[in-house]
Amino acid sequence: KNEVEQSPQNLTAQEGEFITINCSYSVGISALHWLQQHPGGGIVSLFMLSSGKKKHGRLIATINIQEKHSSLHITASHPRDSAVYICAVRSGSEKLVFGKGTKLTVNP
Amino acid sequence: DAGVIQSPRHEVTEMGQEVTLRCKPISGHNSLFWYRQTMMRGLELLIYFNNNVPIDDSGMPEDRFSAKMPNASFSTLKIQPSEPRDSAVYFCASGQDNSPLHFGNGTRLTVT
């Protein structure tokens with residue numbers, strides 16, 4: 001069993017829809033990262049959080065340490081949000097363990 | 001800042017050849033990571049350095065892989081000899097203490 005599980009694996013939405021991507025992990029962590037990878041490959045760090053909730057524009061990330069679960073929400077989704085979203089956790093050391101990613105496609 | 005700079009962007013080589021991937025981290029960052037991404041296994045950590053010292057190389061698949069960080073502004077990942085199963089995208093990332101990581105654009109390696 002992978003230490004970091006993401007769901008869904010693939011997600012297709014219509015422009016304007018509210019999107020939720022989930023991440024569950026099985027180890028104690030010091031931080032959780034949400035990353036975005038666009039076609040073409042570049043990876044961008046969206047959030048790093050260890051508790052509570054963070055918001056940046058239309059993106060919101062939450063984490064529940066007790067339940068070992070995090071969600072990434074996108075409000076008013078847009079085709080340019082189409083990308084692979086990757087959850088990664090850090091436990092103790094600097095080493096990150098990655099989920100397999102969620103491929104999001106937002107259709108106009 | 002120009003961000004993390006990787007070169008080359010693409011590398012096509014024949015099996016058995018030596019491959020060297022290069023990375024320039026963001027100035028001031030004290031951690032540097034080499035990751036490999038494949039369709040089957042996703043992103044995997046190969047090795048990371050802290051203050052130019054290798055801390056964890058448990059992800060380096062075989063002795064054919066080696067990485068160096070001779071100074072704070074440069075790192076290399078070398079594969080010798082290369083094999084077709086090494087084909088992947090190799091990412092370098094740098095960070096500072098508890099800050100988010102910054103990734104380079106990656107090197108797409110194809111070994112034929």
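Residues numbered from 1 in each chain as written. Chains lettered and ligands numbered in written order. Predicted model: local features only at pLDDT ≥ 70, side-chain atom pairs only at ≥ 80, totals over all residues. Heavy atoms only, no water.

## Remarks on the interface of chain A and chain B
Taken together, the contacts link 17 residues of chain A with 20 residues of chain B. The junction of chain A with chain B conceals about 1500 Å² of combined surface from both sides, 57% of it contributed by carbon and sulfur atoms. Along the contact surface separating chain A from chain B lie zero salt bridges. There are one residue pair in polar contact (both at pLDDT 80 or more) connecting chain A and chain B. Of all elements in the fold, only strand E4 (31-37), strand E5 (43-49), strand E9 (83-90) and strand E10 (96-98) of chain A reach the threshold of two or more residues within the side of chain A that touches chain B. In the side of chain A that touches chain B, the residues fall into six nonpolar, seven polar and four charged. (Contact = heavy atoms within 4.5 Å. Buried area = accessible area lost by both parts, 1.4 Å probe. Salt bridge = Lys/Arg side-chain N within 4 Å of Asp/Glu carboxyl O. Polar contact = N/O pair within 3.5 Å; in protein donor to acceptor, adjacent residues only side chain to side chain. Helix = DSSP H or I, 4+ residues; strand = E, 2+ residues; numbered from the N terminus. Nonpolar A, V, L, I, M, F, W, Y, C, P; charged D, E, K, R; others polar.)

## Some thoughts on the pattern of salt bridges
All names here are of chain B. Under the definition given, this model contains nine salt bridges over all chains. Between Arg41 and Glu44 there is a salt bridge, and its shortest N-O distance comes to 2.6 Å. On the accessibility criterion, Arg41 (52% relative accessible area) is exposed. Residue Glu44 is classed as buried on the basis of its relative accessible area, which comes to 18%. Salt-bridge contacts for Glu83 lead to Arg85; the nearest nitrogen and oxygen are separated by 2.6 Å. Among the residues examined, Arg85 registers a relative accessible area of 54% and is labelled exposed. (Buried < 20%, exposed > 50% of the residue type's maximum accessible area, 1.4 Å probe, protein only.)

## A look at the sheet that holds strand E1 (residues 4-7) of chain A
Residues and elements named next belong to chain A. Pairing is antiparallel across the open sheet formed by five strands, whose spatial order is E1-E3-E8-E7-E6. The sheet is open, and its two edges are formed by E1 and strand E6 (52-56), each paired on a single side. Ignoring strand direction, the axes of neighbouring strands in this sheet form an average angle of 15 degrees. Two elements, E6 and strand E7 (residues 59-64), share five bridges in a ladder whose sense is antiparallel. Bridging from a neighbouring strand, Gly52 pairs with Ile63 of E7. (Pairing = 2+ DSSP bridges. Axes fitted to C-alpha atoms, helices over the stretch in contact; angles between N-to-C directions.)

## Re the state of the cysteines
All names here are of chain A. Going through the model one piece at a time under the given rule, you end up with two disulfides over all chains. What pairs with Cys23 in a disulfide is Cys87, and their sulfur atoms sit 2.0 Å apart. Disulfide Cys23 to Cys87: torsion about the S-S bond roughly -65 degrees, handedness left-handed. Of this pair, Cys23 sits in strand E3 (residues 19-25) while Cys87 sits in strand E9, and the two are 64 residues apart along the sequence. A relative accessible area of 0% means that Cys23 is categorised as buried. (Disulfide = S-S within 2.5 Å.)

## A word on the pairing of E6 of chain A
Of all the five residues making up E6 of chain A, zero are buried; the element is thus mostly uncovered. Where E6 of chain A hands over to E7 of chain A, the hairpin turn is made up of two residues, of which Gly57 of chain A adopts a positive phi near 60 degrees.

## A few points about the environment of Gln9 of chain A
Residue and element names in this part refer to chain A. Within the element layout of this structure, Gln9 appears in the loop between E1 and strand E2 (10-14). On the basis of relative accessible area, Gln9 is assigned to the exposed category, the value being 61%. Put simply, Gln9 and His33 are 24 residues apart on the chain and 17 Å apart in space, counted from C-alpha to C-alpha. Among all residues touching Gln9, those that are not within four sequence positions of it are Gly101, Thr102 and Lys103.

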